[in-house]
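Listed below, chain by chain, are the residues.
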Amino acid sequence: MSQRCIVSDPFRFAAEGRKISGTVPLLRLNRLADILFRSEGEVTYALSGDVEVDGKAFLTLQASGALALQCQRCLSGFEWPLALEAILHLVKPGTPIPDEELEIESSDTIEAVADMDVLALLEEEILLAMPIVPRHEDCDAPHPEGGADKESPFAALAGLRRDSRAH
Ligand SMILES: [Zn+2]
């Protein structure tokens, strides 16, 4: 069973107010699955397009699910509820992103590339939404000897996030 996960023309998708939604197994999101404590389960997503009164086209991406993360304090797994909503302003590919856009936390700017891969976008947004150092909200375990943080894939992820969201 294949599902359609490509938006051939994001501007048109937005202009026509289209919507797509679906469910994807976490295992299909390779980069994400690699850093999860367990990669069973799935993510439900919805992408909708719209145009603001000033003519700016944007996409709204929503996703929910339960991800198994590894607590970086006690190293056991725990369930992290994913509930993200990202507002993504579309710009033509190659358009420099104005500085003020970067400072608006509530929205991002993405290039409206042809044949946009919705699952790749979904994965990217989930990675950005995840806690940099996942841990139980209330974790009593002593920190393991030897600094487990250093070898954690989450440390690498945190670095990536700093690079891509450098303000
Ligand atoms: Zn813990």
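None of the values given here were measured: they were computed from a predicted structure. (Residues numbered from 1 in each chain as written. Predicted model: local features only at pLDDT ≥ 70, side-chain atom pairs only at ≥ 80, totals over all residues. Heavy atoms only, no water.)

S.K.: Looking at this structure, I do not really get the pattern of salt bridges. What am I missing?
M.R.: Pairing between side chains of opposite charge can happen when their charged atoms approach one another. All told, the structure shown has 4 salt bridges when counted by the stated rule. With a shortest N-O distance of 3.0 Å, Arg-12 and Glu-16 are connected by a salt bridge. The exposure class assigned to Glu-16 is partly exposed, which follows from its relative accessible area of 44%. For Glu-40, the salt bridge identified is with Arg-38, shortest N-O distance 3.5 Å. Overall, Glu-40 belongs to the exposed group, its relative accessible area being 55%. On the basis of relative accessible area, Arg-38 is assigned to the partly exposed category, the value being 43%. Residues joined in a network through salt bridges with shared partners are Arg-12, Glu-16 and Arg-18. (Salt bridge = Lys/Arg side-chain N within 4 Å of Asp/Glu carboxyl O. Buried < 20%, exposed > 50% of the residue type's maximum accessible area, 1.4 Å probe, protein only.)

S.K.: What should I look at first to understand the coordination of the zinc ion in this one?
M.R.: Reference values for angles at a metal are 109.5 degrees in the four-donor tetrahedral case and 90 or 180 degrees in the six-donor octahedral case. Here the zinc ion is held by Cys-71 (SG), Cys-74 (SG), His-136 (ND1) and Cys-139 (SG), and the distances to it run 2.0 to 2.3 Å. Here the zinc ion binds 4 donor atoms, and the angle range of 103 to 124° at the metal identifies the geometry as tetrahedral. Read N to C, the donor residues that coordinate the zinc ion are spaced as C-x2-C-x61-H-x2-C. In this pair, Cys-74 is assigned in the loop between strand 4 (57–70) and strand 5 (77–91) and Cys-139 in the loop between helix 4 (118–129) and helix 5 (153–164), connecting sequence segments 65 residues apart. Judged by relative accessible area, which is 14%, Cys-139 ranks as buried. (Donors = N, O, S within 2.8 Å, 3.2 Å for Na, K, Ca; no water. Tetrahedral: all angles 85-135°; square planar, octahedral: opposite > 155°, others 65-115°. Helix = DSSP H or I, 4+ residues; strand = E, 2+ residues; numbered from the N terminus.)

S.K.: Before we go on, may I ask you to explain the pairing of strand 3 (residues 42–51) in this structure?
M.R.: For a regular strand, side-chain orientation follows a simple rule: the groups alternate between the two sheet faces. Bridging between strand 2 (residues 19–25) and strand 3 involves 7 bridges; their strand directions are antiparallel. If you follow Thr-23 over to strand 3, its bridge partner there is Thr-44. Of the strand pairs in this sheet, strand 3 and strand 4 are connected by 9 bridges, and their pairing is antiparallel. Bridge pairing in strand 4 links Thr-44 to Ser-64. A loop of 5 residues connects strand 3 with strand 4, the two strands running antiparallel in sequence, and Gly-55 in this loop sits at a positive phi of about 90°. (Pairing = 2+ DSSP bridges.)

S.K.: Would you mind going over the confidence of the model for the protein chain with me for this structure?
M.R.: Detailed conclusions should not be drawn from predicted coordinates in areas where pLDDT is low. Taken residue by residue, the protein chain gives an average pLDDT of 84. The fraction at 70 or more is 75%. A low-confidence stretch, residues 146–151 (pLDDT under 50), is modelled with 5 contacts involving residues beyond four sequence positions or located in other chains. (pLDDT = per-residue confidence, 0-100. Contact = heavy atoms within 4.5 Å.)

S.K.: Got a minute to help me understand unusual backbone geometry in this structure?
M.R.: Across residues other than glycine, the phi torsion is negative in most instances, and most of the peptide bonds are trans. Even without being a glycine, Leu-75 presents a positive backbone phi close to 65°. Position of Leu-75 among the secondary structure elements: in the loop between strand 4 and strand 5. Positive phi outside glycine occurs at Asp-115, with the angle close to 55°. Inspection of the secondary structure assignment puts Asp-115 in the loop between strand 6 (107–111) and strand 7 (116–117).

S.K.: It is not clear to me how the nonpolar core should be interpreted in this structure. Could you clarify?
M.R.: Burial of nonpolar side chains together is a common tendency in soluble globular proteins. In this structure, Leu-32, Val-43, Leu-47, Leu-67, Leu-122, Ile-126 and Met-130 are the most contacted members of the largest nonpolar core, which totals 38 residues. Elements with a minimum of two residues in this core: helix 1 (10–15), helix 2 (30–35), strand 3, strand 4, strand 5 and helix 4. Per element, the largest residue contribution to this core is 7 residues, and it comes from strand 5. Among residues more than four places away in sequence, those in contact with Leu-67 are Leu-26, Leu-32, Leu-36, Val-43, Phe-78, Glu-79, Trp-80, Leu-82, Ile-126 and Met-130. (Core = buried A, V, L, I, M, F, W, Y, C linked by side-chain atoms within 4.5 Å.)

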